[in-house]
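Here are the chains, one letter per residue:
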Amino acid sequence: MAARGLRRLHTDCVERPLSRMLRDLGGLVGAHPWPFLLVPLALTGGLGAGFKYLPRNDLGDLEGMYTPIGGPAKAERRFVLAHFPTDDAARFSPQRLSTEGSFASFIAVADEDSLLTREAFAELLALDAAFRRIAIGGVSFDSLCARTGNATCSSPNPLLSAVQGDPGRIEALLPTLTFPITEDGLFLGPFLGGEKLLPGVGPVRPLRGAKAMRLIYFLQNDVSSRREASKIWLKAFLKRIPGVLDSLKFKFIRVFYISSVSKKEELEKLTGKVIPLATIAYFLTIVFTIVSCARMDCVRTKIWVSFFGVMSAGLSVVSSFGLLLFCGMPFVITAANSPFLILGVGVDDMFILVSCWQKTQVKKCVKDRMADTYADAAISVTITTLTDVLAFYIGIESSFMSIRSFCLYTGTAFVFCYIYNLTFLGAVIALNGRREESNRHWLTFQKVMDKPQDSKSPMYNRCCIGGFIDESTGAEIEHPMNGFFKNYYGPFLMHTWTKLFVTVLYLAYLVSSSYGCGQLKEGINVRNLAVDRSYVIPYYDLEEKYFSEYGPRVMVIVKESIPYWNSSVRADLENCMQSMENLSYVDKDLSESWLRTYQTVAKGISSNLNDRSSFIGNLSALFRVHPESEWDVNVSAMEIPVSRFFIQTINITNVEKKKELLNQFRQLAEDCKLSLMVYHPAFIYFDQYNVIIKNTIHSVLSAAGAMLITSLLLIPNPLCSLWVTFAITSVIVGVSGFMAFWNVSLDSISMISLVICIGFSVDFSAHISYAFIASEEPRVNDKAVESLYRLGYPVLQGAVSTIAGILVLSMSSTYIFRTFFKIMFLVIVLGLVHGLVFIPVFLTFFFGDIIP
């Protein structure tokens, strides 16, 4: 009963008046095409001037683009910066950095079993000396280096400092070395990889070799002037170092390098990849549209329409980008994918308009033909555009700037694309219609005969005779593909056994997609943001291979003043520390606590830690024994407003562990009786794992709800609208599942795909669904066949043209563009299968043979 009620209910209160309005617009464009042609061109010329504000060398840094806006770790960092100021020129400590810092880093890998040999260390010392000799504008590393308490440059590696310039000393030191902590208390975990240890009991074991060594040269980064000077030096260093390494001609080690500015520079390189790809994409799309719209009829062919259809998409990109750049909207590299998307959608709308134009009565005037075309096509185009725009504007709510920028620029481009298709492209169709009306040749614009001439050659009759019509319908002779959908594909799809096969196929699709969703991984790998064959990729690969055992050294911060001289408070604090140290991702033997050290020192000097004056007054004894503790205890008069401790994490090798580690640390800090905070600069990036799925679900549900409302308003049947919403959900599940099979993780880049899914899955399904409802055939099978006949080929053209437009991205040397291609390919293919296979079949299951 409910289904029959939905079938009888028609919601055309918006669709009908909108159709009339668009019919009037079509007639106006047909009667006066030139203003509708010239105004968009003039507007594009004016707005295009906004491109002078397009950033050339600053498209946002990695943190700004791919980490959540307002993430908890960013607030934690502000707290650390405010309460634990650094002085890189006098008392630098790497583990106490509140940011990534400014640095140049090398990973050296031994060609033999170990680089803890005289020969390898001779080359490591040569590398160190060559690095220190690099002078940029007369400025050397030593003049900018971060300095420790004794005013010397921070050591790039403890073992390199230990040999004191003599490579032979490493072989003398080796029998006494232990790992991960030496007898002198040096922590070697971040500096040695692929270590070879002798069997032993306990966490510290004798070291007998190492395959890889990391050298980290820190520069001053705490003051803006020094930070800028370090950045300039590092940028020049990246240009100079390849030549330096080539000149050293290493025999025993291979060296790979990176710097703190490398990630930003690699992102900026991506801009140079966009223009060549976009040029090829537009060329391929123009070729495809011309071929697919061309006819053997020299009058009825739509070559000019197809060319200007692609041009209309280009104009919309220029206008929208120019407007937003004028308004100062942030532009990041993900927005560079937008032109490829707009190209596909714009051409898709053109195919719909051309298809509807070809079905109008040829003998009518151009004004009436345009009115009929708009009445028939514009509602379908409006549905798809409105749903696309809503999907992308909802995406602006995302927590990621990369997604916000992409959705803002793409959504605005969709608005211009819709306007230009109904004005600029409509004017082109009208002018082309006038040419056809006067039976003029598409190329020479000379009048030609509309019947073959016996006195002329076959070639002349083929190339210079045109203007044929289908006398039985009064319309243009239908394209062979329209006949294929009407006479072959449609009837075949409506066969009972075919419907059964389609149902089974859909169930298999649903099961495999659901399984894939469970295998989907989260998070973005920073190596994927670089271009292929970049110098940073082997560095990141080796870092993951040899240096992933020891993870972030996490700060545990007491955020408020507490009575440390109260034994019960100290016990509570110790319990909180131990609860964190008992986590599976923590090595408790590597923790650093100024309070534990102070308790040991106090016993040696017989100090009473339960007395406030004694506790505060004897802190100087702690600072003499362990000078770095002074940087961790913020003393003010007789209070300690804040202090911090350090806990070493281990084996944080994948996204799941990073997410679990972060959440467990924060939960334990929250559960502690004292006010604690945990922080490490890496947490800025870890925060994305907590919001990516939540953001995705929110965007998908919000956009899907908006799509349903739009469909209910513009498709005059609620049951049909529900099927369009079903198609959205189904395609989203499919794309998410097949992303896992194609090794695409769920991150801020691929998250964009799910927003795209919503728009594109509506595109194909809405066209067919609207044509199904608009059909006057009494039987549902005939309705499905007619909907495929009317819009099956334009939908297929739109899908193929979009794939042609993004095909060049598959050949890109960057992960961002290749990922965009994979996702768009899945969206288009799955959306097309839903539009041309699943939806036509399923609609026949839920509608009777007569729909009032």
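Residues numbered from 1 in each chain as written. Predicted model: local features only at pLDDT ≥ 70, side-chain atom pairs only at ≥ 80, totals over all residues. Heavy atoms only, no water.

Caption draft 1: How the structure looks around the packing of helix H30 (residues 780-806) against helix H31 (residues 815-846). Two numbers describe how H30 lies on H31: the axes approach to 10 Å, and their chain directions differ by 175°. In terms of axis orientation, H30 runs roughly antiparallel to H31. Residues Val-780, Asn-781, Ala-784, Leu-788, Gly-792, Val-795, Leu-796, Ala-799, Thr-802, Ile-803 and Ile-806 of H30 pack against Phe-821, Met-824, Phe-825, Ile-828, Val-829, Leu-832, Leu-836, Pro-840 and Thr-844 of H31. In terms of residue class, the contact of H30 with H31 is made up of 16 nonpolar, four polar and no charged. (Axes fitted to C-alpha atoms, helices over the stretch in contact; angles between N-to-C directions. Helix = DSSP H or I, 4+ residues; strand = E, 2+ residues; numbered from the N terminus. Parallel < 35°, antiparallel > 145°, perpendicular 65-115°, else oblique. Contact = heavy atoms within 4.5 Å. Nonpolar A, V, L, I, M, F, W, Y, C, P; charged D, E, K, R; others polar.)

Caption draft 2: Examining empty space enclosed by the protein more closely. Counted by the stated rule, this structure contains six cavities of 30 Å³ or more. By volume, the largest cavity is sized at about 110 Å³. Around the largest cavity, the lining is made up of 14 residues, and of these Ser-292, Val-354, Gln-358, Tyr-793 and Gln-797 lie nearest the centre. For the lining of the largest cavity, the element with the highest residue contribution is helix H14 (residues 338-358), accounting for four residues. For the lining of the largest cavity, the per-class residue count stands at five nonpolar, six polar and three charged. When its volume is computed, the second largest cavity comes out at roughly 50 Å³. Contributing to the lining of the second largest cavity are Leu-62, Ile-258, Ser-262, Lys-263, Glu-266, Leu-267, Val-526, Leu-529, Ala-530, Val-536 and Tyr-540. Secondary-structure elements contributing two or more residues to the lining of the second largest cavity are helix H11 (262-269) and helix H20 (536-546). A per-element tally of the lining of the second largest cavity places H11 first, with four residues. Residue classes in the lining of the second largest cavity are distributed as eight nonpolar, one polar and two charged. (1 Å grid on protein atoms, 1.4 Å probe; cavity = no way out; pocket = protein on both sides within 12 Å on 5 of 7 lines; lining within 4 Å. Points joined across faces, edges and corners; volume = space filled by probe spheres on them.)

Caption draft 3: Just the state of the cysteines, in detail. For the coordinates displayed, the defined rule picks out two disulfides. Paired by a disulfide, Cys-576 and Cys-672 hold their sulfur atoms 1.8 Å apart. Judged by the sign of its S-S torsion, about 85°, the bond between Cys-576 and Cys-672 is right-handed. Pair noted here: Cys-576 is in helix H21 (residues 567-581) and Cys-672 is in the loop between helix H25 (655-671) and strand E12 (676-679), with a separation of 96 residues, a long-range link. The exposure class of Cys-576 is buried, given its relative accessible area of 8%. Going through the protein chain in sequence order and numbering each bonded cysteine, the pairs you get are 1-2, 3-4. (Disulfide = S-S within 2.5 Å. Buried < 20%, exposed > 50% of the residue type's maximum accessible area, 1.4 Å probe, protein only.)

Caption draft 4: Layout of helix H2 (residues 15-31). The terminal C-alpha atoms of H2, which comprises 17 residues, lie 24 Å apart, in line with the 24 Å expected from a rise of 1.5 Å per residue. Of all the positions in H2, only Glu-15, Leu-18, Ser-19, Leu-22, Gly-26, Gly-27, Val-29 and Gly-30 are classed as buried. (Expected span 1.5 Å × (residues − 1).)

Caption draft 5: Molecular detail of a nonpolar patch on the surface. Residues Ile-280, Phe-283, Leu-284, Val-287, Val-291 and Leu-807 make up a contiguous nonpolar surface patch of roughly 520 Å² in combined accessible area. Here Phe-283 lies in helix H12 (residues 271-293). (Patch = residues over 30% accessible without salt bridge, like charges linked within 9 Å, V, L, I, M, F, W, Y side chains within 5 Å. Areas by Shrake-Rupley, 256 points an atom, 1.4 Å probe, with all protein chains shown as cover. Salt bridge = Lys/Arg side-chain N within 4 Å of Asp/Glu carboxyl O.)

Caption draft 6: Just the packing of helix H3 (residues 33-47) against helix H13 (residues 303-326), in detail. Running from amino to carboxyl end, H3 crosses H13 at an angle of 40°, the nearest separation of the two axes being 8 Å. Relative to H13, the element H3 is oriented oblique. The chirality of how H3 crosses H13 is left-handed. Two secondary-structure elements touch here, H3 through Leu-41, Thr-44, Gly-46 and Leu-47 and H13 through Met-311, Leu-315, Val-318, Ser-319, Gly-322, Leu-323 and Phe-326. Taken together, the residues of the contact of H3 with H13 break down into seven nonpolar, four polar and no charged. (Left-handed = near helix turned anticlockwise from the far one by under 90°.)

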